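What follows is the residue order along each chain.
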Amino acid sequence: MNTLGKTLPPLASLLPFEAAARLGSFSKAADELHITQAAISRQIRGLEDNLGVKLFSRRNRAVFLTQEGRELGRVVGEALRSISESAVSLRMSPHSHRVVLLCQLCEAFYWLMPRLSTFHQQYPHIEIQVVTSTRPLTEFTNHFDVALQSTGRASGAHPLMFTAADEVFPVCSPAYLRTTKPLSLAGLQACTLLHHSSHPPHLMEWDRWLQVFDQAVAADTRGATFDSYPLMLQAAVEGHGVAMGWRRTASRLIETGALVRPCTESVHLPEAISVYRQQGGGSRAEITALLDWLKVQLQGEA
């Protein structure tokens, strides 16, 4: 008969407890795990209720491990480290040449996929597993080795490797523009402006872009809002209006003629995209090779 389910404490509380015990602070544990201090307190209180002992003494807004807390902290810390080491070993074998690249959906679809074959040609022995997300790095809970996301999005404690520039400008379909002459900013606002909405915002949108040129979105300007950047860009391709395009993700569509630039104005962002390694990840040669390739690809286009 399996007795583990009856004897183990709530497993969800062990990671918050280990962090608080190791750091000696609920607030520091909350920062490390990217949750609220109240959530840390709630998890530890539930663990204490389950075990029937106090694990922390709370005095003058500070917390101190009790004797029982120190003993449990030692056991839990050793157990979690053992699990972590085993997980690292499993990830590296038998797929020791696999590297997991976490990428925002728009960059993966429009920028990475068209050029990833050049990496495979250069490193045929390395397998790149691409995973995508529309959420910030701090909200991704699965394993990754390298991550690429817009600069300014929450990244937690994952170390930043480098940043790269990008350029932002309006794009639309040739059929929608119906003229070969560049539009003025005033003429641009007579169009339907396509907007991308995310929470929290992380891309330069129409209001911020126009502010660079001392302009604002007119109150009577028509618009449509999308919660997906690729969907907004596809709406522009289909002639629904003018979208805010990023050179890195829109350039292929411009090269094929699916999109055009209706005006000459553009905004240069020197640190538009950031590349990270997973916190505590190893220094395998395969990861270094991917980082080097990304740096050449991203910074070489600046």
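Computed from a predicted structure; not experimentally measured. (Residues numbered from 1 in each chain as written. Predicted model: local features only at pLDDT ≥ 70, side-chain atom pairs only at ≥ 80, totals over all residues. Heavy atoms only, no water.)

## Some details on the overall build of the protein
Step number 1: Assigned secondary structure in the protein consists of 12 helices and 10 strands.
Step number 2: A compact globule built from 302 residues would reach a C-alpha radius of gyration of about 19 Å, whereas the protein, at 25 Å, exceeds it by more than 25%.
Step number 3: For the protein, the spread of C-alpha atoms along the principal axes amounts to about 75 × 50 × 40 Å.
Step number 4: Split into buried and exposed, the 302 residues of the protein put 42% on the buried side.
Step number 5: For the protein, long-range pairs separated by at least 24 residues make up 76% of all intrachain contacts whose partners lie at least 6 apart in sequence.
Step number 6: As displayed, the protein offers around 16,200 Å² of accessible surface, 54% of which is attributable to carbon and sulfur atoms.
Step number 7: Positive and negative side-chain charges in the protein, numbering 28 and 27 respectively, have mean positions lying 5 Å apart. (Helix = DSSP H or I, 4+ residues; strand = E, 2+ residues; numbered from the N terminus. Rg over C-alpha atoms; globule rule 2.2 N^0.38 Å. Buried < 20%, exposed > 50% of the residue type's maximum accessible area, 1.4 Å probe, protein only. Contact = heavy atoms within 4.5 Å. Areas by Shrake-Rupley, 256 points an atom, 1.4 Å probe, with all protein chains shown as cover. Lys, Arg positive; Asp, Glu negative; His and termini not counted. Charge placed at Lys NZ, Arg CZ, Asp CG, Glu CD.)

## Quick word on empty space enclosed by the protein
Step number 1: Going through the model one piece at a time under the given rule, you end up with 3 cavities of 30 Å³ or more.
Step number 2: The volume enclosed by the largest cavity comes to roughly 70 Å³.
Step number 3: Looking at the largest cavity, the residues that line it are Leu102, Cys103, Gln104, Ser133, Arg135, Pro136, Leu137, Ala147, Leu148 and Gln149.
Step number 4: Listed by contribution, the elements that provide at least two residues to the lining of the largest cavity are β3 (98-104) and β5 (146-150).
Step number 5: Its residues assigned to classes, the lining of the largest cavity comprises 6 nonpolar, 3 polar and 1 charged. (1 Å grid on protein atoms, 1.4 Å probe; cavity = no way out; pocket = protein on both sides within 12 Å on 5 of 7 lines; lining within 4 Å. Points joined across faces, edges and corners; volume = space filled by probe spheres on them. Nonpolar A, V, L, I, M, F, W, Y, C, P; charged D, E, K, R; others polar.)

## Describing the pairing of strand β7 (residues 193-196)
Step number 1: Where β7 meets strand β8 (residues 223-226), 4 bridges bridge the pair, whose relative direction is parallel. Following the sheet pairing, His196 is matched in β8 by Phe226.
Step number 2: The parallel pair β7 and β8 is bridged by helix α9 (residues 206-211), and the resulting crossover is right-handed.
Step number 3: Across 2 bridges, the pairing between β7 and strand β9 (residues 242-246) is parallel. Within β9, the position partnered with Leu194 by the bridge is Ala243. (Pairing = 2+ DSSP bridges. Right-handed = clockwise from strand over helix to strand, strands pointing away.)

## Notes on helix α4 (residues 37-51)
Step number 1: For α4, which comprises 15 residues, the first-to-last C-alpha distance of 21 Å matches the rise-based estimate of 21 Å (1.5 Å per residue) to within 8%.
Step number 2: Taken together, the buried positions of α4 are Ala39, Ile40, Ser41, Ile44, Leu47 and Glu48.
Step number 3: Among the residues trailing α4, Gly52 stands out with phi positive, at a value near 75°. (Expected span 1.5 Å × (residues − 1).)

## Structural notes on the pattern of salt bridges
Step number 1: Scanning the entire structure with this criterion turns up 12 salt bridges.
Step number 2: Between Glu127 and Arg98 there is a salt bridge, and its shortest N-O distance comes to 3.4 Å. Pair noted here: Glu127 is in strand β4 (residues 127-133) and Arg98 is in strand β3, with a separation of 29 residues, a long-range link.
Step number 3: We classify Arg98 as partly exposed; its relative accessible area is 24%.
Step number 4: Via salt bridges that share partners, Glu18, Arg22 and Glu32 belong to a single interconnected network. (Salt bridge = Lys/Arg side-chain N within 4 Å of Asp/Glu carboxyl O.)

## Quick word on helix α2 (residues 14-23)
Step number 1: Of all 10 residues making up α2, 7 are buried, and the element is well covered by its neighbours.
Step number 2: Within α2 the residues assigned to the buried category are Leu14, Pro16, Phe17, Glu18, Ala19, Ala20 and Ala21.
Step number 3: Immediately downstream of α2, the backbone of Gly24 shows phi near 65°, a positive value.

## What to know about the sheet that holds β3
Step number 1: Judged by pairing direction, the sheet is mixed, and its 8 strands sit side by side in the order β4-β3-β5-β10-β6-β9-β7-β8 without closing on themselves. Every other strand in the sheet has two partners, leaving β4 and β8 as the edge strands with one partner each. Going from strand to strand, the sheet's axes swing by 30° on average, the running direction of each strand aside.
Step number 2: Contacts from helix α12 (residues 285-299) reach β3, β4, β5, β6 (160-171) and β10 (267-277) within the one sheet, and its direction differs from that of β6 by about 35°. (Axes fitted to C-alpha atoms, helices over the stretch in contact; angles between N-to-C directions.)

## Notes on the domain arrangement of the protein
One widely used convention gives an interface's size as the accessible area the parts lose upon coming together.
Step number 1: Along its sequence, the protein is carved into domain 1 (4-92), domain 2 (98-157 + 272-300) and domain 3 (165-270).
Step number 2: Between the C-alpha centres of domain 1 and domain 2 the distance comes to 31 Å. (Domains from an automatic or database assignment.)

## Notes on the side chain of Gln104
Step number 1: Mapped onto the elements, Gln104 comes out in strand β3.
Step number 2: At a separation of 3.2 Å, a polar atom in the side chain of Gln104 contacts the side chain of Arg153.
Step number 3: For Gln104, the residues in contact, after removing those within four places along its chain, are Ser133, Leu148, Gln149, Ser150, Arg153 and His202. (Polar contact = N/O pair within 3.5 Å; in protein donor to acceptor, adjacent residues only side chain to side chain.)

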